[in-house]
Amino acid sequence: MVVGAAFAALLALASPAPAATDENCGVPAIFAEPLAPLSRTTIAAKRDGKLDILLLSGSPSQTGAAKGLRSYPLFFQDRLRERLPGLEIRVSVRAAPRRSVSELLPQLSKLLADVHPSLVIWQAGTADAYRGVDAEDFAGALRDGVTTILRASADVVLVDMQYSPRTDQLIDAANYLAYMRSIADSMDIPLFSRYEIMRYWSDSGTFDFTSLKDDGLFEKVHHCMGKLLADFVLRATQLDEFKGAQK
């Protein structure tokens, strides 16, 4: 397993990213409203005065680090720190590029023991879809992984794959998306749908995902995604009203 240690260090050491404008970040509430609470996260944050988050990703371009670009985990962390000044916020990113969910499972317990998160953000589906992993097998492995996380007394937010008009022609995402929604519903955990959010932005003309221009699109999209994900977590935990001890 390839672990994104360098990016995790970047999260810890980088200065806060300058705030970008939020004018293009809006989406209909139905796309960004958590349908299940994150009660374990709420209890742990109020008890310990800190929020430890583990972000799991199987996307090779997740960090944007190769081009020196900031991606959504950085903006996500900055947004949480802005909204929750009374809590110590730590986001640890572990990336396993092009690894399927089933390939990640043997490492999951160790990752949980190393980080001790109260919340796991699990971005899944992309690698499995590109590799043509049977969607039912993908769902079984993901369900097993979610069960492992819950047994470790952590909450889970599932994050589905990105939308792109180009890649949508190359892979059939429908079954993977449907299984992720089904797992979230049946296991009473929140699903943050990047796919529907990005498709809305594409259809509404907010962002042009067919453009090949180097016009800052990557960071603009990731800024919005990080902001929306942070606000999603805040609504699911109701920690936006928690003041705690001011730093």
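To be clear, the structure that these remarks concern was listed above.
Residues numbered from 1 in each chain as written. Predicted model: local features only at pLDDT ≥ 70, side-chain atom pairs only at ≥ 80, totals over all residues. Heavy atoms only, no water.

What about the environment of L84?
Right, so step 1: Structurally, L84 can be placed in the loop between α3 (72–83) and β2 (88–95).
Right, so step 2: When its relative accessible area of 1% is taken as the criterion, L84 is described as buried.
Right, so step 3: Taking the C-alpha atoms as reference, L84 lies 7.4 Å from F242; in sequence the two are 158 residues apart.
Right, so step 4: With residues near it in sequence (within four places) discarded, L84 still touches L51, I89, L234, L239, D240 and F242. (Helix = DSSP H or I, 4+ residues; strand = E, 2+ residues; numbered from the N terminus. Buried < 20%, exposed > 50% of the residue type's maximum accessible area, 1.4 Å probe, protein only. Contact = heavy atoms within 4.5 Å.)

With respect to the state of the cysteines
Linking two cysteines covalently via their sulfur atoms produces the bond known as a disulfide.
Right, so step 1: Under the definition given, this model contains one disulfide.
Right, so step 2: Two residues, C25 and C224, share a disulfide whose sulfurs are 2.1 Å apart. Judged by the torsion about the S-S bond (-75°), the C25/C224 disulfide is left-handed. In this pair, C25 is assigned in the loop between α1 (5–13) and α2 (39–48) and C224 in helix α9 (residues 217–237), connecting sequence segments 199 residues apart.
Right, so step 3: Overall, C25 belongs to the buried group, its relative accessible area being 2%.
Right, so step 4: When its relative accessible area of 2% is taken as the criterion, C224 is described as buried. (Disulfide = S-S within 2.5 Å.)

Overview of the sheet that holds strand β4 (residues 155–159)
Right, so step 1: Strand order in the open sheet formed by five strands is β2-β1-β3-β4-β5, and the pairing between neighbours is parallel. Strands at the two margins of the open sheet, each flanked by one partner only, are β2 and β5 (191–192).
Right, so step 2: Bridge analysis of strand β1 (residues 50–57) against β2 gives eight bridges, and the strand direction is parallel. Following the sheet pairing, L56 is matched in β2 by R94. (Pairing = 2+ DSSP bridges.)

So, α3
The α-helix winds at 3.6 residues per turn, so residues separated by three or four positions along the chain end up facing the same way.
Right, so step 1: Given a rise of 1.5 Å per residue, twelve residues ought to cover 16 Å, and the 16 Å separating the end C-alpha atoms of α3 matches this to within 8%.
Right, so step 2: For α3, the tally of buried residues reaches nine of twelve residues, placing the bulk of the element in the interior.
Right, so step 3: Taken as a whole, α3 has its buried residues at Y72, P73, L74, F75, F76, Q77, D78, R79 and L80. (Expected span 1.5 Å × (residues − 1).)

The analysis is restricted to geometry; functional conclusions fall outside its scope.
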